[in-house]
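Reading the structure
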Amino acid sequence: MTSRTRQQDIAPSVSEALRLMKQAVQSSLDLGDINPQSVCKAVGMTKPQLSSWLTTTSPSPHWDAKVAEWLKQAQARALSANGAQHRGASSSVSSKGSGKAAKASQPAKASPSGGASAKAATSRESTPGGKGVQAGGKASTEQSVRRLKQDLLELETYIPWTAVSSAWQSKRAAWERKTCAAGDAGCVVQQLLALERFLLPCAFEARWSAGNEWRARLLRQNSAADVKQSLRELEDAMHWARFGAHSTLVERYEQLLASRAGEQLERLGARRLAQVRSTIDSFGYAGLADMAQDCIAIAGGAEGAGAELRELRESICAALGVPLTDALLRLPAKGAR
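Conventions used here
Residues numbered from 1 in each chain as written. Predicted model: local features only at pLDDT ≥ 70, side-chain atom pairs only at ≥ 80, totals over all residues. Heavy atoms only, no water. Core = buried A, V, L, I, M, F, W, Y, C linked by side-chain atoms within 4.5 Å. Buried < 20%, exposed > 50% of the residue type's maximum accessible area, 1.4 Å probe, protein only. Helix = DSSP H or I, 4+ residues; strand = E, 2+ residues; numbered from the N terminus. Contact = heavy atoms within 4.5 Å. Salt bridge = Lys/Arg side-chain N within 4 Å of Asp/Glu carboxyl O. Phe/Tyr/Trp six-rings, centres within 6.5 Å; stacked < 30°, edge-to-face > 60°. Polar contact = N/O pair within 3.5 Å; in protein donor to acceptor, adjacent residues only side chain to side chain. Disulfide = S-S within 2.5 Å. Expected span 1.5 Å × (residues − 1). Arc of directions from axis to C-beta. Axes fitted to C-alpha atoms, helices over the stretch in contact; angles between N-to-C directions. Parallel < 35°, antiparallel > 145°, perpendicular 65-115°, else oblique. Left-handed = near helix turned anticlockwise from the far one by under 90°.

Now for the nonpolar core. Grouped together as the largest cluster of nonpolar side chains are 53 residues, with contacts concentrated most on Ile 159 and Met 238. In terms of residue count, helix α9 (residues 185-198) provides more of this core than any other element does, 8 residues in total. Residue contacts for Ile 159: discarding those within four places in its chain leaves Val 164, Leu 195, Leu 199, Met 238 and Trp 240.

Next up, the structure:
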């Protein structure tokens, strides 16, 4: 088989895989299993971009790869949470997925047999407050807690490493195991509080001024619905737009360093250029234009400077992929913010 023939064989399978992936995402959105905001936050796209991605038939390597990775992680989290739920009250946490096998090996409960006994059992379990209602309520509560755990695990996955304390790296695995094994809303509260304690101030759009009140209220909550509301409150206070822009800013910064303009900036102010990267990682820039201001400021000079300085500023903007506006051209010399 020639190389060209192999490529022709592979192309349809790739196209079919993409079609099925988009179909799965769209179906989950339609059924309410996932919400558009969760997908957008995970992959760093806007809702219009998500809609466009779902409807287009042509490949989009950037989004295709990101959505595929998100789906893989979401499935792993769901399996992990389900496995922990099936383990129930077990005090030991075994490997993921073992809960299903353990449950399958348990013998089924014997049902009431014969005549009056069967009728009595049916009567008790069908009346308000009977075993049937209690079992249904318990199942509903367990399902709510399971979804709450999945939401918390999903939230943690979306948060960038630079938005959490460096100590989180060594704590994360144990936190994930405890979250998966949480048996009620109260246990999830403790896991949510643990995550919040490791978040850095830069993770939030504004100073987390409601933090103390939020924690006190959370500690009083014992229902999955209330805890989920508090989880959403924390989530809504985070820098999601800047989280999504982080990878683009890092990519453009690396492009700048690799360019001739980057070499010149290294000579002019290596420390301030390194500070630009620190500002990126602490989500201090609203976008590329903000970063361009600090990079151009390192070049020094003011309005009316020579052609050489203008050329350097043009090269900086070209490497960052932003236009050289009049405001950037007139920018006076100053240190990076």
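As enumerated under the stated definition, the model contains 10 salt bridges in all. Linking Glu 213 and Arg 217 is a salt bridge whose minimum nitrogen-to-oxygen distance equals 3.7 Å. Of the two residues, Glu 213 and Arg 217 are both situated in helix α10 (residues 211-219); the distance of 4 residues between them amounts to about one turn of the helix. Overall, the relative accessible area of 22% leaves Arg 217 in the partly exposed class. One continuous salt-bridge network, built from bridges that share partners, spans Asp 151, Lys 228, Arg 232 and Glu 235.

Bringing the packing of aromatic side chains into the picture now. Given two aromatic rings, one states the distance between the centres and the angle between the planes to describe the pair. Summed over all chains, the structure comprises 5 aromatic pairs. With a centroid separation of 5.2 Å and 85 degrees between ring planes, the pair formed by Trp 240 and Phe 243 is classed as edge-to-face. Of this pair, Trp 240 and Phe 243 both sit in helix α12 (residues 240-258), separated by 3 residues, roughly a single helical turn. Taking relative accessible area as the criterion, Trp 240 reaches 12% and is therefore assigned buried. Three or more aromatic residues joined by ring pairs form one cluster here, namely Tyr 158, Trp 240, Phe 243 and Phe 283.

Taken together, the buried positions of helix α2 (residues 36-43) are Ser 38, Val 39, Cys 40, Lys 41 and Val 43. Just past α2, the residue Gly 44 takes up positive phi, approximately 80 degrees.

Now for the side chain of Asp 294. With respect to the helices and strands, the residue Asp 294 is situated in helix α14 (residues 288-299). Within the local environment of Asp 294, its side chain forms a polar contact with the side chain of Tyr 285, the two groups lying 2.8 Å apart.

A few words now on the state of the cysteines. Each disulfide consists of one covalent bond between the sulfur atoms belonging to two cysteines. As enumerated under the stated definition, the model contains 0 disulfides in all. Here Cys 295 stays unpaired: no disulfide links it, and the sulfur of Cys 317, its closest cysteine neighbor, is 9.1 Å away. Judged by its relative accessible area of 0%, Cys 295 falls in the buried class.

A few words on helix α11 (residues 224-236). In this model α11 runs 18 Å from its N-terminal to its C-terminal C-alpha over 13 residues, within 8% of the 18 Å that 1.5 Å per residue would give. Taken together, the buried positions of α11 are occupied by Ala 224, Val 227, Ser 230, Leu 231, Leu 234 and Glu 235. Looking down the long axis of α11, one finds its buried residues gathered within 145 degrees of arc, a one-sided arrangement. Turned more than 90 degrees away from the buried face of α11 sit Ala 225, Gln 229 and Asp 236, all of them exposed.

As a further point, take the packing of helix α13 (residues 260-281) against α14. For the pair α13 and α14, interaxial distance at closest approach is 9 Å and the crossing angle is 160 degrees. Here α13 lies roughly antiparallel to α14, going by the angle between them. Note on packing geometry: the crossing formed by α13 with α14 is right-handed. Across the interface between the two elements, Leu 265, Leu 268, Gly 269, Arg 272, Leu 273, Val 276 and Ile 280 of α13 pack against Met 291, Asp 294, Cys 295, Ala 297, Ile 298 and Ala 299 of α14.

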